[in-house]
Amino acid sequence: ISTGGPPGASHNQGADIAVAPNGTIYVAFEAFSQQGVDTINVVKSTDCGRHWSQPVVVDTIESPQAPGVAFRTPTFAFLATDSTNSNIVYAAYQDFVAGDYDIYVSRSTNGGGLWSAPVQVNADPGARHQIFPTIEVSNHALHVAWYDFRNSVTATNEALDVYYSCTNCAGSNWPTFDAPERVTNVSHNGNCRMFGGGTVAFHGDYNELDAFWDGTSHIVHV
């Protein structure tokens, strides 16, 4: 399904899948170029996976290893579809801009054919990294969570937390997100070197989030 990706894209990795209410299957993946500039791509199938569209580029991103972070920080994208409108699709990903990683979301309202300009979700001051987004939609509301180093005080990024924000859920409508909320009440050191006899840091490469509208409230689990 990655056939037809950008020229020089020698590797395609990090696939994520979302199924719309009408059965359309969307898949996002990252194409790694020879020039060090990567793209977030989306393809779709409207016939249960028998045929796939050519990749559409959502955004071009910078994707170096995060400075000051010992564990790997891949830049995979994650998808969610609107729970009632099958043509509305969201893609969340991290991008290295102005010296640090931030979380961005792009939206398509025509079934993945065209994508909006990226919207930055986190609104922290300073140059700490935000990585590993995860998203879901419930009753038109887009929920986003991610790992966040904003509470670190040293160059080694020793304090890692989970933060959350949403749009179309509590007064803020796309493309505006609510003020991010801290989910964790205690920071942890993601750079702890636990593997390789205490020589290698490994934190995993993703989060997960699920959300449900019970008719009155959004119930969200990270």
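It should be emphasised that the depicted structure is a prediction, and the values quoted were computed from it without experimental measurement.

What counts as what
Residues numbered from 1 in each chain as written. Predicted model: local features only at pLDDT ≥ 70, side-chain atom pairs only at ≥ 80, totals over all residues. Heavy atoms only, no water. Pairing = 2+ DSSP bridges. Helix = DSSP H or I, 4+ residues; strand = E, 2+ residues; numbered from the N terminus. Phe/Tyr/Trp six-rings, centres within 6.5 Å; stacked < 30°, edge-to-face > 60°. Buried < 20%, exposed > 50% of the residue type's maximum accessible area, 1.4 Å probe, protein only. Disulfide = S-S within 2.5 Å.

Student: Account for the sheet that holds strand β12 (residues 181-182), with residues named and values stated.
Tutor: Strand order across the open sheet formed by four strands is β9-β10-β11-β12, with antiparallel pairing between neighbours. Each having just a single partner strand, β9 (130-138) and β12 make up the two edges of the open sheet. Two elements, β9 and strand β10 (residues 141-148), share seven bridges in a ladder whose sense is antiparallel. By the bridge assignment for β10, I135 is matched with V144.

Student: Give me the lowdown on the sheet that holds strand β5 (residues 78-81), citing residues and values where you can.
Tutor: Strand order in the open sheet made by the four strands is β5-β6-β7-β8, with antiparallel pairing throughout. On the outer flanks of this sheet lie β5 and β8 (119-120), each paired with one strand and no other. Strand direction decides the pairing type here: strand β6 (residues 89-97) and strand β7 (residues 100-108), joined by nine bridges, are antiparallel. Directly across from A92, in β7, lies its bridge partner V105.

Student: If you had to explain the packing of aromatic side chains to someone new, which residues and values would you point to?
Tutor: Applying the stated criterion across every chain yields a total of seven aromatic pairs. Consider the rings of F96 and Y101, whose centres lie 5.2 Å apart with planes at 75°: the pair is edge-to-face. For the residue pair F96 and Y101, the accessibility class agrees, reading buried in each case. Seen from their ring centres, F195 and F202 are 5.9 Å apart, and the 85° between their planes marks the pair as edge-to-face. Note on F195: relative accessible area 40%, which makes it partly exposed.

Student: Give me the state of the cysteines: which residues, what numbers.
Tutor: Overall, the coordinates contain one disulfide when judged by the stated rule. Paired by a disulfide, C166 and C169 hold their sulfur atoms 1.7 Å apart. When the S-S torsion is 60°, as for the bridge of C166 with C169, the disulfide is right-handed. Accessibility expressed as a relative area gives 22% for C169, which makes it partly exposed.

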